[in-house]
Amino acid sequence: MNYANFKKKVIKFPVIPAADLLLFEGKRQAARNQLNRWLNKGLVLKLRRGLYILNENDRKIDPSSRYLANQLYAPSYVSLEYALGFYGLIPERVRDVTSVTTKKTARFINIMGVFTYQHVKPEAFRGYTAVKDENGFDLLIASPEKAAIDFLYLSLDRIKKPNIDIFESSFRFQNTEELDCKKIIAMAALFKNKKLTKLARLFCEFIRKERQL
């Protein structure tokens, strides 16, 4: 198959799994050779092994970085600093997309950005919701409460003597007034970690304090 015909078939796809090439080419080696030629010419771009995208001039859809994060490494959902910035819970708008996964920690750098994944135990892989991005594609992202707890859990090693001031001075939390403390405590309980449970309760004290200001 030539590139023009291939482009017509996949132009509406947000990403192109390598397995789909076999549907068009038929023979595995022939598909691999064809893909390598298109990669060398810059017609197709590699996101990671086995996952590709058309070049900027030819693709009809620019998938969101949040959607790509789910596709690059599964199972995963967007969380941590990126989600906190997305919800306005920290002042920074984080460019690198941060996610959690039940698989091992990983990091991918490609033409679409930087994507990092932190491991959590399977029983803590909850508290996310399915939403649609600007293109109408489904993706998974942590609730505001779970994004905060995921972040605090993965920050435990940096917290020697927790106090209520660290949430503002060290972690720069803001706009926390709408967070649900019952959900925060429930999300923390998933990790079965006493230090995290105590930190979650302290975080709720911080939230209640912020509501009084």
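This text goes with the structure placed above it.
Here the structure is a predicted model, which is why all the values come from computation and not from measurement. (Residues numbered from 1 in each chain as written. Predicted model: local features only at pLDDT ≥ 70, side-chain atom pairs only at ≥ 80, totals over all residues. Heavy atoms only, no water.)

J.: Can you walk me through the pairing of strand 9 (residues 138-142) in this structure?
T.: Across five bridges, the pairing between strand 8 (residues 128-132) and strand 9 is antiparallel. Across the sheet, residue Lys132 finds its bridge partner in strand 9, namely Asp138. (Pairing = 2+ DSSP bridges. Helix = DSSP H or I, 4+ residues; strand = E, 2+ residues; numbered from the N terminus.)

J.: I tried to follow the pairing of strand 6 (residues 106-110) on my own but got confused; where do I start?
T.: The two faces of strand 6 differ: Ala106, Phe108 and Asn110 on one face are buried, but Arg107 and Ile109 on the other face are not. Relative to strand 7 (residues 113-119), strand 6 runs antiparallel, the two being bridged by five bridges. Bridge pairing in strand 7 places Ala106 opposite Tyr117. Where strand 6 folds back onto strand 7 in an antiparallel hairpin, the turn is made up of two residues. (Buried < 20%, exposed > 50% of the residue type's maximum accessible area, 1.4 Å probe, protein only.)

J.: Could you clarify how one ought to interpret unusual backbone geometry in this entry?
T.: A cis amide bond, omega 0°, links Ala74 with the succeeding residue Pro75. Structurally, Pro75 can be placed in the loop between helix 4 (65-72) and strand 4 (76-78). Although it is not a glycine, Arg172 adopts a positive phi angle of roughly 60°. Looking at the element boundaries, Arg172 is found in the loop between helix 7 (166-169) and helix 8 (181-189). Despite not being glycine, Lys192 has its phi angle at roughly 50°, a positive value. By the element assignment, Lys192 lies in the loop between helix 8 and helix 9 (194-212). Judged by relative accessible area, Lys192 falls into the exposed class, the value being 68%.

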